[in-house]
Amino acid sequence: MTNSASILAELQHYIDQILASEQASVTLAAIDDHPADNSNLLTILNALIIEGDRHHADNWAAHMTPAISCESLLGQLIAGLHNGNLLSPQLYPTLARIEQQIIDWLCQLFQQQHGHFIAGSSYANLEALWQARQHHPDKRHIVYASETAHYSIAKACQILDLELRCIATDKNGQLCPTILQQACEKQSPLAIVATAGTPTLGIIDPLEDCIKLAQQYQAWCHIDAAWGGALSLLPEYRPLFDIISQADSICFDPHKGWHQPKPASVLLYQRPLTPMLYADADYLQHPPVNSLPGSRGGEFFLPLWLTLMHSGVDSLRQQIRLRLDQADQFAIQLKQRTDWQIYRSPTGIVCFHPNQADLTDLVNKGILSQAKVAGKDVYRLVFASPNTTANAILTVLEPYF
Ligand SMILES: Cc1ncc(COP(=O)(O)O)c(C=O)c1O
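Below is a summary of the structure that appears in this document. As the structure is a computational prediction, the values presented were derived from the model and not from experiment. (Residues numbered from 1 in each chain as written. Predicted model: local features only at pLDDT ≥ 70, side-chain atom pairs only at ≥ 80, totals over all residues.)

As for its position among the elements, Gly75 is in helix 3 (residues 70-82). Gly75 sits in the buried class, given 28 other C-beta atoms within 10 Å. Setting aside chain neighbours within four positions, we find Gly75 in contact with Leu302, Pro303, Trp305 and Leu306. (Helix = DSSP H or I, 4+ residues; strand = E, 2+ residues; numbered from the N terminus. Buried ≥ 20, exposed ≤ 12 C-beta atoms within 10 Å, placed from the backbone. Contact = placed C-beta atoms within 7 Å.)

Rendered as structure tokens:
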């Protein structure tokens, strides 16, 4: 038996013990010089499994955290067991080939030339704006993004000492292109960030307008498709992704809309990245001088790769369709059965304002989340998991109708 095989066998034994352990309230032992009591530890691990189980429920729709399939989890387990570092790819030829294969496949899907995995779209947004600043010949420092863009854009601007100017949205929650144009006329930006799937409402900004304006003003156009990038697999969204392909950079999180475990995010570029710094790292074959991530192994991509290999791309496509259909079904039925104000999106997020009803109880159960739309309190349902159904959510909402 190899060392890894014996670890896997030990793991099986551990898992059996966890599942057989008593379900009880949890007391965390102190971290000190001594091992914790084994049965207490098993109880805590069992509690963690039960806590995460809510993501598999048919009424889980609070956040962009999907249920994870067995093959994704196996990919994550193997990545942990392998624990290689692709900064020295010559040591891990199989892992390196798999990474290249899936990056090539993603580049083709999003019609981009280069790309790499990264820990999440917060990091991807930061890196894309870093690249924008490195590429631009002038000393521009303005970034335009919609007022509903993800807060990581503001963080990235602060870190990079750039000035974020928020562009107002229209009544549909989309960035308003005429206001963007006026802003560009007033001051040319370093970059324009457009969102494909805003965090609260799941709205897609007018991407073509944003890209054209960026081209007109020689600015970098970055598309934050952390959530909406999942639609790239659906033929009916090809025209949208043909437009997106003209952007300078795009980020997308398989750990959101493709039901993968975190961290699994990808950042894709149209142009090759220029090294941004000199790195004194002779001990590495590929020092990461032109991208944010440092050490990395299969954790970013083995779960997704195994999912695609095990079930095929079409199975993932059907799962995405299924959850978008459930979001639509939910919105249609809620409209038929209530007079609540409903906000729909094409990306599987539905928000609503339930007049006087107080749904805090459902927020605490992880069924939905609370958000604000144009200053108004709303409840938000994210159909991120293929297990979530419209009927299950309607059943828990019914007493409030
Ligand atoms: C549109 C958008 N961009 C970026 C992010 C940040 O992604 P992460 O949490 O993976 O860093 C999110 C997270 O919800 C998001 O919805």
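Our focus in this paragraph is the site of the ligand. Among the 14 residues in the neighbourhood of the ligand, the closest are listed as Gly120, Ser121, Ser122, His150 and Ala226. When grouped by side-chain class, the residues that make up the shell around the ligand number 4 nonpolar, 8 polar and 2 charged. (Near = placed C-beta within 6 Å. Nonpolar A, V, L, I, M, F, W, Y, C, P; charged D, E, K, R; others polar.)

The next thing to look at is the pairing of strand 4 (residues 191-195). Residues in a regular strand project their side chains so that they alternate between the two faces of the sheet. For strand 4, the tally of buried residues reaches 5 of 5 residues, placing the bulk of the element in the interior. Residues Ala191, Val193 and Thr195 of strand 4 are buried on one face, and the alternating residues Ile192 and Ala194, pointing to the opposite face, are buried as well. With 5 bridges connecting them, strand 4 and strand 5 (residues 220-224) associate as parallel partners. Across the sheet, residue Thr195 finds its bridge partner in strand 5, namely Asp224. On the question of chirality, the crossover connecting strand 4 to the parallel strand 5 by way of helix 8 (residues 207-216) is right-handed. (Pairing = 2+ DSSP bridges. Right-handed = clockwise from strand over helix to strand, strands pointing away.)

Residues Ile192, Cys210 and Cys221 are the most contacted members of the largest nonpolar core, which totals 93 residues. For this core, the domains that each give at least three residues are domain 2 (74-302) and domain 3 (313-400). Apart from residues no more than four positions distant in its own chain, Ile192 is found in contact with Tyr144, Cys210, Leu213, Ala214, Ala219 and Cys221. (Core = buried A, V, L, I, M, F, W, Y, C linked by C-beta atoms within 7 Å. Domains from an automatic or database assignment.)

Strand order in the open sheet formed by 4 strands is 8-9-11-10, with antiparallel pairing between adjacent strands. The open sheet has two free edges, formed respectively by strand 8 (341-343) and strand 10 (369-373), since each of these has just one partner strand. Geometrically, the sheet is characterised by an average inter-axis angle of 35° between neighbouring strands, direction not taken into account. Along the sheet, helix 12 (residues 313-337) makes contact with strand 8, strand 9 (349-353) and strand 11 (376-382), crossing strand 9 at roughly 20°. (Axes fitted to C-alpha atoms, helices over the stretch in contact; angles between N-to-C directions.)

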